[in-house]
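Residue-level structural notes
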Amino acid sequence: MNVRDPTAERDYIPIADHAIIGNLRTAALISLDGSVESYCIPNFDSPTVFARILDKYKGGHFSITPTVPFATKQNYLPNSNILQTKFLNDGGVVNVTDFLPRHGNGDSSTPPLFWLIRRIEVIRGVAALRMECAPAFNYARDKHTTEFLPDDSVEHCHQKKVRFKSPDLELDLRYVSEATLDNVPTPEVNIDYLDLSTKGHLGPAVCCNLSLVEGQRVTFILRICPEKTGVPEARPTQELADRLGIPLEILIAGASKMRPQDDPLLTALTNDYWNNWIRKSTYDGSWKEAVNRSALALKLLIYEPTGAVVASPTFSLPEYIGGTRNCASWIRDSSFTLYALIRLGFTQEANAYLEFIFDRLRDKNPDGSLQIMYTIHGMHSTHEAFIRGKDLSEIELPHLDGHKDRNLIGNGAANHIQLDIYGELMDCIYLGQKVRQHIGYDTWEVRGKDRHFTIMLWVAIDRGIRIVEKRSLPCPQRLAWYAARDALYEEIMTKAWNPALKIFGQSYEETDVLDSAVLIMPLVFFMAPSDPRFVSTLKQILKSPERGGLTSNNLVYRYDGTFCLCTLWCVEALTRAGEYERPLLTRAIAMFEDFLLYSNHVGLCTEEVSDAGDAHVTLISAAYNLSRTLTRLKY
């Protein structure tokens with residue numbers, strides 16, 4: 001068990017040592033040592049309040065950590081996105097529960113509570129902990145003030161709350177002290193100022209040293225300050241009931257629906273929300289635990305107001321260490337997510353995302369084209385363009401240290417021309433019409449080069465034809481569509497094939513470069529998985545890099561690093577080819593089982609095993625198809 005010494009200088013925590021919590025508006029990353037490392041509020045694309053993952057000194061953090069050496073464990077509650085971090089040492093065991101609250105009925109019309117809740121409870125023995133709340137507003141660019149005010153939310157008590165005020169956002173930090181056992185006193189909480197200006201902070205932080213024993217609990221709530229309307233707070237009293245002409249018990253019942261008295265922090269309701277949602281899954285195949293965890297992780301990436309899906313809840317994390325590319329909200333990645341959710345039976349999310357796509361089709365660029373990515377709002381705007389509009393230009397934040405020297409917001413690939421996205425979108429729409437259709441894929445961008453990646457363009461035309469035929473829609477140019485699709489097929493088979501190496505190359509221009517993106521060919525029904533040319537390419541990819549392949553330790557590489565998606569595409573390709581050549585099916589099982597071992601401590605996986613991203617979509621797809629094939633073949 002890894003023991004951490006809190007007295008040692010804290011360095012950056014590996015991305016794999018984090019878990020994610022969220023509320024379908026935003027998300028927060030919690031490190032294994034109990035620190036909120038990344039948090040934007042109120043939305044995914046809002047400026048950060050905490051960004052310690054990008055600058056360990058001045059990025060901002062909200063940490064709860066023992067003051068003596070400790071071991072740590074982290075897990076989600078079963079079938080939930082409520083996170084628990086346990087600190088263990090000889091003196092005792094402490095449990096920290098983190099979540100962003102949701103209403104249990106899943107009613108999206110109920111206004112969300114923009115709260116971050118952190119509950120500390122001693123399970124055994126005694127514990128000495130330190131809480132630090134050090135916000136750094138607007139990517140650590142805005143100054144803020146900090147003041148202590150009476151906490152009027154707690155009756156018959158004279159405790160204080162903390163208010164952090166920046167030019168554009170106000171937050172307050174409150175706490176609730178409780179004793180859960182008889183004869184155990186309520187814990188004392190004394191919050192004080194903390195000056196971190198020498199580390200680059202632009203406003204005071206606060207801290208608190210806690211000494212807790214078994215049965216004591218302290219809950220910290222960081223929230224957006226409610227707007228003052230000048231209307232006195234309404235409470236369910238007999239006088240108010242008489243004035244409204246309704247019985248007091250009905251008034252109390254109506255008020256209790258807003259926030260139950262026995263669960264004022266919505267812990268149980270939030271857990272019920274996640275439990276009820278995952279129960280709707282129709283998946284009943286093998287590796288169900290891994291599939292459910294991936295589904296819960298994907299749900300956290302949905303922006304509920306528009307149905308958009310974010311590719312990553314963070315910014316400025318390179319796709320590989322030292323790399324130049326950033327994760328962004330790609331149409332391609334969002335479609336992957338849609339496919340996975342439909343496979344699991346989550347049609348509500350699918351319909352919401354399709355409506356988001358249709359809105360983009362109604363609001364095309366002046367030349368009639370679509371962008372390869374959009375913000376979660378998907379709107380035209382020049383004001384705060386990178387946040388709310390289509391302009392996703394990369395912007396440097398030079399004042400931040402950056403994760404491994406990366407400190408960007410936006411994405412420089414936003415204006416790339418990638419015709420492949422039309423294949424992804426048509427496949428997406430086709431899947432919406434015919435749910436049992438396969439899951440589609442796309443390639444990635446290669447910066448600084450013009451290259452032909454045309455498989456998904458073929459998919460766009462093919463799916464257009466299929467939609468017309470399945471829906472009996474008129475198509476005056478039907479023969480022209482067939483001709484264009486067939487001509488493109490012949491072009492790809494001729495120009496992308498390298499007869500000397502017996503492989504499909506990365507592009508027309510570089511047929512000598514092996515690229516695992518070609519693994520999508522049978523997955524999108526471009527060609528049969530038993531085609532000798534594809535099998536030859538697949539077997540070359542399965543060789544080690546020393547022998548000219550792309551596979552090492554059962555992980556498949558792309559042209560510039562380990563890529564989880566490539567490994568899972570390979571699992572699917574092996575699964576389909578394995579129906580005709582059984583040793584390949586055995587290899588698919590082994591590769592998928594090995595891949596699951598690379599998930600982190602809470603079952604999350606990264607796009608690049610080295611550090612960033614999200615591969616849960618393809619995990620669901622690979623598990624679904626592999627499990628279905630094994631069942632059908634009685635393997």
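Report on the accompanying structure. Everything numeric here is computed off the predicted structure, so don't read it as measured data. (Residues numbered from 1 in each chain as written. Predicted model: local features only at pLDDT ≥ 70, side-chain atom pairs only at ≥ 80, totals over all residues. Heavy atoms only, no water.)

**Regarding the overall build of the chain**
- Regarding its fold elements, the chain presents 15 helices and 25 strands.
- The buried share of the chain, reckoned over its 635 residues, is 57%.
- Contacts in the chain between residues far apart in sequence, at least 24 positions, make up 65% of those at least 6 positions apart.
- In the form shown here, the chain has an accessible surface area of approximately 27100 Å², with 53% of it arising from carbon and sulfur atoms. (Helix = DSSP H or I, 4+ residues; strand = E, 2+ residues; numbered from the N terminus. Buried < 20%, exposed > 50% of the residue type's maximum accessible area, 1.4 Å probe, protein only. Contact = heavy atoms within 4.5 Å. Areas by Shrake-Rupley, 256 points an atom, 1.4 Å probe, with all protein chains shown as cover.)

**Here's the deal with the packing of helix H10 (residues 455-471) against helix H11 (residues 478-495)**
- Axis separation between H10 and H11 bottoms out at 10 Å; the angle between their running directions is 150°. Accordingly, the angle class assigned to the pair H10 and H11 is roughly antiparallel. Viewed along their axes, H10 and H11 form a crossing whose handedness is left-handed. Contacts from Ile-455, Leu-457, Trp-458, Ile-461, Asp-462, Gly-464, Ile-465, Val-468 and Glu-469 in H10 reach Arg-478, Trp-481, Tyr-482, Ala-484, Arg-485, Leu-488, Tyr-489 and Ile-492 in H11. (Axes fitted to C-alpha atoms, helices over the stretch in contact; angles between N-to-C directions. Parallel < 35°, antiparallel > 145°, perpendicular 65-115°, else oblique. Left-handed = near helix turned anticlockwise from the far one by under 90°.)

**Some remarks on the side chain of Lys-56**
- Here Lys-56 is to be found in the loop between strand E5 (48-50) and strand E6 (61-66).
- Residue Lys-56 is classed as buried on the basis of its relative accessible area of 19%.
- Separated by 3.0 Å, the side chains of Lys-56 and Asp-11 make a polar contact.
- Each residue touching Lys-56, except ones within four places of it in the same chain, is listed here: Arg-10, Asp-11 and Tyr-12. (Polar contact = N/O pair within 3.5 Å; in protein donor to acceptor, adjacent residues only side chain to side chain.)

**Brief notes about the pattern of salt bridges**
- Counting across every chain of the model gives 25 salt bridges.
- In this structure, Arg-52 engages Glu-37 in a salt bridge whose closest nitrogen and oxygen atoms are separated by 3.9 Å. Separated by 15 residues along the polypeptide, Arg-52 in the loop between E5 and E6 and Glu-37 in strand E4 (residues 35-40) bring together distant segments of the chain. Taken as a pair, Arg-52 and Glu-37 share a single burial class, namely buried.
- Connected via shared salt-bridge partners are Asp-462, Arg-463, Arg-466, Arg-485 and Asp-486. (Salt bridge = Lys/Arg side-chain N within 4 Å of Asp/Glu carboxyl O.)

**Section: the side chain of Thr-146**
- Inspection of the secondary structure puts Thr-146 in strand E11 (residues 145-150).
- Note on Thr-146: relative accessible area 10%, which makes it buried.

**Observations regarding helix H12 (residues 532-541)**
- Residues of H12 that are buried include every one of Phe-534, Val-535, Thr-537, Leu-538, Gln-540 and Ile-541, and no others.
- Contacts from the buried residues of H12 go to strand E21 (497-498), strand E22 (503-504), strand E23 (551-552), strand E24 (555-558), helix H13 (564-578) and helix H14 (582-596).
- N-cap assignment for H12: the residue whose side-chain oxygen lies 2.8 Å from the backbone N of Arg-533 is Asp-531.

**Some remarks on the environment of Ser-536**
- Mapped onto the secondary structure, Ser-536 falls in helix H12.
- What makes Ser-536 partly exposed here is its relative accessible area of 23%.
- Residues Ser-536 and Ile-503, 33 residues apart in the sequence, show an inter-C-alpha distance of 6.4 Å.

**With respect to the environment of Pro-522**
- Counting through the fold element by element, Pro-522 comes out in the loop between E22 and H12.
- Judged by relative accessible area, which is 2%, Pro-522 ranks as buried.
- Sequence separation of Pro-522 and Phe-534 is 12 residues, and the distance between their C-alpha atoms is 8.3 Å.
- With residues near it in sequence (within four places) discarded, Pro-522 still touches Met-527, Ala-528, Pro-529, Phe-534 and Arg-576.

**Considering unusual backbone geometry**
- Here the residue pair Ile-41 and Pro-42 is connected by a cis peptide bond, since its omega of 10° sits within 30 degrees of zero.
- Checked against the element boundaries, Pro-42 lands in the loop between E4 and E5.
- Positive phi is not limited to glycine here, since Asn-138 has a value of about 55°.
- Along the chain, Asn-138 turns up in helix H1 (residues 137-140).
- Judged by relative accessible area, Asn-138 falls into the buried class, the value being 18%.

**Quick look at the packing of helix H4 (residues 267-278) against helix H5 (residues 288-299)**
- Here H4 crosses H5 at 120°, and the two axes come no closer than 11 Å. With respect to their mutual orientation, H4 and H5 come out oblique. Pair H4 / H5 crosses with right-handed handedness. Residues Tyr-273, Trp-274, Trp-277 and Ile-278 of H4 form the contact with H5, whose participating residues are Asn-292, Ala-295, Leu-296 and Lys-299.

Any link to function would need more than the numbers given here.
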